[in-house]
Amino acid sequence: MPKRYLLALDQGTTSSRAIVFNADGESVASAQREFTQFFPESGWIEHDPNDIWATQNAVAAEAMGKASLRGRDLAGVGITNQRETTLVWERKTGRPIHRAIVWQDRRTSKYCDRMHSEGKANDITQKTGLRLDPYFSGTKLHWILDHVDGARKAAERGELCFGTVDSWLIWNLTGGAVHATDPSNASRTLLYNIHEGQWDEELLEWFGVPHEMLPEVRTSSGDFGECTDFGGATIAGVAGDQHAALFGQTCFKKGTAKNTYGTGCFLLQQTGEKPIASKNHLLTTIAWQTKGRRRKYALEGSVFMGGAVIQWLRDGLRMIHTASESEPLAASVPDTDGVMLVPAFTGLGAPHWDPTARGAIVGLTRGTTAAHIARAALESIAFQSAELLEAMNADSGIALKELRVDGGASRNDLLMQFQADLLGVPVIRPQNTETTALGAAYLAGLATGVFADEKAISEQWKIDRTFEPAMSSDEATEKMGVWRDAVSRAKGWAK
Ligand SMILES: Nc1ncnc2c1ncn2[C@@H]1O[C@H](COP(=O)(O)OP(=O)(O)O)[C@@H](O)[C@H]1O
Ligand SMILES: O=P(O)(O)OC[C@H](O)CO
């Protein structure tokens, strides 16, 4: 029997997930476990690296058990992960020297301000495609090396390893034999030159990071070593979660795009083999690098509060009991009756990048009900994504013909219809919305011969539902204008 199964490990911000896929890209079994979030100070968010590893390892074993499979049934293992989250551990013992600093953690804002005043921001953007912002790993790694006693000297002596979550999992899965990452994860660190495809010595000097501690960068679809468990299966695919979702949505043609509606929203458009520098405050990033070492690039827009605004309706306002209840509640009114909700709870991401913006609800009257607010909350997710898409069309010069969607909130039909209305292009939801894990499985399957090529993978992508735009473009333009007005009132609030 040929080995036809692929084990995808999806290490997210709030939970670790594992899914076993068969060669038809169908999920055979899955398991998921949440882990503790640490908030040691305001604006700080940490994870225990041992929790990350323990939960991920446990769900992998659980999923394999549920599927009644042994390691020898696996053609390969794929890893996909929350990006930018930063870890440092001892090379000799594998012991972390600090908790993982999570992508949402803002502790390095003052350090970024200092770097800005030294005039480094433009060069950093030119080399990395990113912004000088606490979001990215380089600033967090600098913080750890500055704050853990003796860390920088130990790193210079080659005694410490830096890694994003993928590297930490690879290290543990291979029993400390492999210290590696892939170009998509490397391209989120502020230390990797996305044009040259290598760690950048000048950036390393600016961020005070010794080269000795960096992982080796291998192609996203290729050999990352053998697991000590799972029958010695090969880790054959690695990519950051948003990049894996783009791959899982089979966005192999230049100009195709996906939007993931999870906690935040992440819109990525595949832009081909040349990076496009954004003029509209988006990020340029490496989408993936497959066999033959051809790098594909993407433009990315990130919105910090997507589905999380619905969580707030549920847990903060106690307006609903479950996220899905937001849909009938919002549908009980024909429109928001002029109410706009700007969910800038933690500032605004792309394209505004305003950390001082705060949430706002405007247009309230005595007639406003919970239903209007719920509808405004759902619409805010679509408005933010529409702004990203406008910026993306302007940057890439490619007018998007359709948008592929996934993530928890993509199950909300009202939201998807409103999204299509605002964009004026069809919004397409595939049958399999676990596209992040699927993308990791595809990368591993491509390297191990389960799939012959991208064409074979594309044939597996099946539509669940297409939402056709039903609003006139005049009305959509007018609504976007009102949204911008509302956003302008939320900006700078916490200055
Ligand atoms: N039917 C729904 N309508 C609106 N939002 C939803 C719905 N179902 C889930 N969500 C939102 O989607 C998010 C969870 O999606 P998921 O893809 O699991 O996110 P993540 O991977 O970021 O944890 C939550 O913020 C939740 O509020
Ligand atoms: O873990 P998620 O799904 O919230 O994704 C996190 C992103 O990769 C952060 O850049």
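Residues numbered from 1 in each chain as written. Chains lettered and ligands numbered in written order. Predicted model: local features only at pLDDT ≥ 70, side-chain atom pairs only at ≥ 80, totals over all residues. Heavy atoms only, no water.

Under an unreviewed UniProt entry, the name given to the chain is Glycerol kinase, and the organism recorded is Cerasicoccus arenae. Looking at the chain in UniProt, the text filed under Function (unreviewed entry) is "Key enzyme in the regulation of glycerol uptake and metabolism. Catalyzes the phosphorylation of glycerol to yield sn-glycerol 3-phosphate." Quoted straight from UniProt, the Sequence similarities (unreviewed entry) entry for the chain says "Belongs to the FGGY kinase family." (UniProt positions renumbered as here; feature names shortened; annotations may be inferred.)

As a structural note, the neighbourhood of ligand 1 is formed by 16 residues, with Thr263, Gly307, Ala308, Gly408 and Asn412 the closest of them. Backbone polar atom of Ala308 to an oxygen atom of ligand 1: 3.4 Å apart, as the coordinates give it. Asn412 is positioned with one of its side-chain polar atoms (N or O) 3.0 Å from a nitrogen atom of ligand 1. Isolated, ligand 1 exposes 590 Å² of accessible area, and the fraction of that covered by the protein chains is 75%. (Near = heavy atom within 4 Å. Polar contact = N/O pair within 3.5 Å; in protein donor to acceptor, adjacent residues only side chain to side chain. Areas by Shrake-Rupley, 256 points an atom, 1.4 Å probe, with all protein chains shown as cover.)

On to the pairing of strand 20 (residues 403–406). Neither face of strand 20 is left uncovered, since the one carrying Leu403 and Val405 and the one carrying Arg404 and Asp406 both have all their residues buried. Two elements, strand 14 (residues 257–261) and strand 20, share 3 bridges in a ladder whose sense is parallel. Bridge pairing links Thr260 to Asp406 in strand 20. Alignment of strand 20 against strand 21 (residues 427–430), held across 2 bridges, turns out to be parallel. (Buried < 20%, exposed > 50% of the residue type's maximum accessible area, 1.4 Å probe, protein only. Helix = DSSP H or I, 4+ residues; strand = E, 2+ residues; numbered from the N terminus. Pairing = 2+ DSSP bridges.)

Attention now goes to the UniProt feature "domain: Carbohydrate kinase FGGY N-terminal" (unreviewed entry) in the chain. The UniProt record marks residues 5–248 with the feature "domain: Carbohydrate kinase FGGY N-terminal" (unreviewed entry), using the residue numbering of this structure. Here residues 5–248 is 33% helix and 23% strand, with 16 Å between the C-alpha atoms at its ends.

On average, residues of the chain score 94 in pLDDT, and 99% of them reach the 70 mark or higher. Prediction confidence for the complex, expressed as pTM and ipTM, is 0.93 and 0.97 respectively. (pLDDT = per-residue confidence, 0-100.)

A few words on the UniProt feature "binding site: glycerol" (unreviewed entry) in the chain. According to UniProt, the "binding site: glycerol" (unreviewed entry) feature falls on Arg83, Glu84, Tyr135, Asp241 and Gln242. As for its position among the elements, Asp241 is in helix 9 (residues 241–248). Excluding anything up to four places from it in sequence, Asp241 contacts Thr80, Asn81, Gln82, Arg83 and Thr436. In this structure, Gln242 is in contact with Arg83, Lys258, Thr260, Phe266 and Leu268, ignoring residues within four places of it in sequence. Among the polar contacts listed, one links the side chain of Gln242 to the side chain of Asp241, at a separation of 3.4 Å. (Contact = heavy atoms within 4.5 Å.)

The interhelical angle for the contact between helix 12 (residues 370–396) and helix 16 (residues 473–490), taken along N-to-C directions, is 100 degrees, at an axis separation of 11 Å. As the angle between them shows, helix 12 and helix 16 are arranged roughly perpendicular. Touching Ser380, Phe383, Gln384, Ala386, Glu387 and Glu390 of helix 12 are Lys479, Met480, Trp483 and Arg484, all from helix 16. Tallied by class, the residues present in the contact of helix 12 with helix 16 amount to 4 nonpolar, 2 polar and 4 charged. (Axes fitted to C-alpha atoms, helices over the stretch in contact; angles between N-to-C directions. Parallel < 35°, antiparallel > 145°, perpendicular 65-115°, else oblique. Nonpolar A, V, L, I, M, F, W, Y, C, P; charged D, E, K, R; others polar.)

The next thing to look at is helix 4 (residues 137–147). Here helix 4 lies mainly inside the structure; 9 of its 11 residues are buried. Of the residues making up helix 4, those classed as buried are Ser137, Gly138, Thr139, Lys140, Leu141, His142, Trp143, Ile144 and Leu145. Tucked inside the fold, the buried residues of helix 4 contact strand 6 (87–90), strand 7 (100–101), helix 2 (109–117), helix 5 (151–156), strand 8 (160–163) and helix 8 (201–207).

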